[in-house]
Amino acid sequence: MNLRHSFLALLVAVLWGLNFVAIDLGLHAGEHEVPPLLFVAMRFILVVFPLIFFIRKPAVSWKAIVGVGLFMSAGQFGLLYVAMAVGMPAGIASLVLQAQVLLTVLLAAMFLGERPTRRQLAGVVLGVAGLAVVALGRSAVAPLLPLIIVLGAALSWAAGNVIARQAKAASGLGLVVWSGAVVPVPLAGLSFLVDGPEAVLGALGDLQPVTLLSALYTAIFGSLVGYGIWNWLLARYPSSAVVPFTLLVPVVGMTAAWLVLGEVPAPAELLGGLLLLGGVATAVLTVSRRPGQRRDGALDPGLGAGLRTGEADDAGRFAAAPGRRAGARDPDEP
């Protein structure tokens, strides 16, 4: 990956890391608590409209669109927002959610037949050990329920990764927008049932500026810009060159939470976090091999959200010519 595109990947990691602080600020706007499921519905209304009228439906089945919407969007963010609403710190949430990388490796092996390498299995074991240490650290200072809910969010994201990978949509942004249309109505309906009409209507009638800014940030920078750049890169480079940048997300998230929210993780949480990130690094960082060489006959499960190197990006403007070398620069690339 060239230097400019590396900076783009770094930008995405920063945007996604700051996303957790934005969510926390929006959920806890002073004395005004926003129902978390309603907040997710608001986010995806902004993701979907008006772009859905200008971006064509990706060439995948409706089953895949609904599956990605339910798992990668509604499930992941619904559970994440609920966990943060009931006490999960933003910084620790950004860390624990990275378990999705390890869970994707396992789910890809179970449902796609992609046999993980020894390194990936070692990474899963190390990551699980890190999560156990984080859980022990959390149990000493706070209830474990928020942590368990974030792990559920990570599992939902991993399931969405597998569905999107199997669908192999050429339009990453198109899949984000169209699958996002699945989210608002079910989650707003659940919010009415769980929180009650009075709480929902009261929150909508008394939206704070910080809540609106948070929703705009998460929709525009977290979803549209972040995933737009991310999928653009994944369409041009192997996932092994792009995905390791996600290791920086919890670094940014925990640093931002410390500076903005005053969150200071316990020593056990830091140790467990380092083990978890070590497991993720072991799973996604690859050893250089000769062209065409594979280890243990294994497939790279990748985390490319269904995009393949050399396919067109969201607007179809960067379609690769047949036989184009992975990572080759287009003459009209920015």
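For the structure, see preceding data.
Here the structure is a predicted model, which means the values were calculated and not measured.

A. Here's a closer look at the overall build of the protein. The number of helices and strands found in the protein is 14 helices and two strands. Looking at the protein residue by residue over its 334 residues, the buried ones come to 53%. Taking as baseline every contact in the protein between residues at least 6 positions apart, the subset at least 24 positions apart corresponds to 87%. Put simply, the protein shows about 14,800 Å² of open surface, and 70% of that area lies on carbon and sulfur atoms.

B. The arrangement of the packing of helix 5 (residues 99-111) against helix 6 (residues 118-139) in detail. Orientation of helix 5 relative to helix 6, taken along the N-to-C sense of each, is 135°, at an axis distance of 10 Å. Taken together, the axis directions place helix 5 and helix 6 in an arrangement best described as oblique. The two elements helix 5 and helix 6 meet at a crossing, and its hand is left-handed. For the pair helix 5 and helix 6, contact is made by A99, L102, V105 and L106 and by Q120, G123, V124, G127, V128 and L131, respectively. Tallied by class, residues from the contact of helix 5 with helix 6 come to seven nonpolar, three polar and no charged.

C. Broad picture of a nonpolar patch on the surface. On the surface, L3, F7, L10, V14, L18, L248 and V251 cluster together to form a nonpolar patch covering roughly 580 Å² of accessible area. When contributions to the nonpolar patch are tallied by element, the ones reaching two or more residues are helix 1 (3-27) and helix 13 (248-261). Broken down by element, the nonpolar patch gets its largest block of residues, five residues, from helix 1. Of note, L248 is situated in helix 13.

D. Focus on helix 7 (residues 145-167). End to end, helix 7 covers 33 Å across 23 residues, agreeing with the expected 33 Å (1.5 Å per residue, within 8%). Just beyond helix 7, the residue with positive phi is K168, at close to 55°.

E. Quick peek at the nonpolar core. F20, L80, Y81, M84, M88, V96 and L97 are the most contacted members of the largest nonpolar core, which totals 86 residues. Residue contributions to this core peak at ten residues, all from helix 3 (residues 62-85). Excluding residues within four positions of it along the chain, Y81 makes contact with I23, L27, P36, F39, V40, R43 and T218.

F. Main features of the packing of helix 1 against helix 3. Running from amino to carboxyl end, helix 1 crosses helix 3 at an angle of 60°, the nearest separation of the two axes being 10 Å. Classified by the angle between their axes, helix 1 and helix 3 sit oblique to one another. When the axes of helix 1 and helix 3 are compared, the crossing they make is right-handed. Mapping the contact onto sequence places F20, I23, D24 and L27 in helix 1 and L80, Y81, M84 and A85 in helix 3. Taken together, the residues of the contact of helix 1 with helix 3 break down into seven nonpolar, no polar and one charged.

G. Molecular detail of helix 2 (residues 36-48). Taking 1.5 Å per residue, 13 residues should reach 18 Å; helix 2 reaches 19 Å between its end C-alpha atoms and fits that length. The set of residues buried in helix 2 consists of P36, L37, L38, F39, V40, A41, M42, R43, F44, V47 and V48. The inward-facing, buried residues of helix 2 contact helix 1, helix 3, helix 8 (172-180), helix 9 (184-195), helix 10 (197-205) and helix 11 (209-234).

H. Highlighting the environment of G160. Checked against the element boundaries, G160 lands in helix 7. Accessibility expressed as a relative area gives 0% for G160, which makes it buried. As a C-alpha pair, G160 and T104 span 56 residues in sequence and 8.9 Å in three-dimensional space.

Definitions and cut-offs
Residues numbered from 1 in each chain as written. Predicted model: local features only at pLDDT ≥ 70, side-chain atom pairs only at ≥ 80, totals over all residues. Heavy atoms only, no water. Helix = DSSP H or I, 4+ residues; strand = E, 2+ residues; numbered from the N terminus. Buried < 20%, exposed > 50% of the residue type's maximum accessible area, 1.4 Å probe, protein only. Contact = heavy atoms within 4.5 Å. Areas by Shrake-Rupley, 256 points an atom, 1.4 Å probe, with all protein chains shown as cover. Axes fitted to C-alpha atoms, helices over the stretch in contact; angles between N-to-C directions. Parallel < 35°, antiparallel > 145°, perpendicular 65-115°, else oblique. Left-handed = near helix turned anticlockwise from the far one by under 90°. Nonpolar A, V, L, I, M, F, W, Y, C, P; charged D, E, K, R; others polar. Patch = residues over 30% accessible without salt bridge, like charges linked within 9 Å, V, L, I, M, F, W, Y side chains within 5 Å. Salt bridge = Lys/Arg side-chain N within 4 Å of Asp/Glu carboxyl O. Expected span 1.5 Å × (residues − 1). Core = buried A, V, L, I, M, F, W, Y, C linked by side-chain atoms within 4.5 Å.

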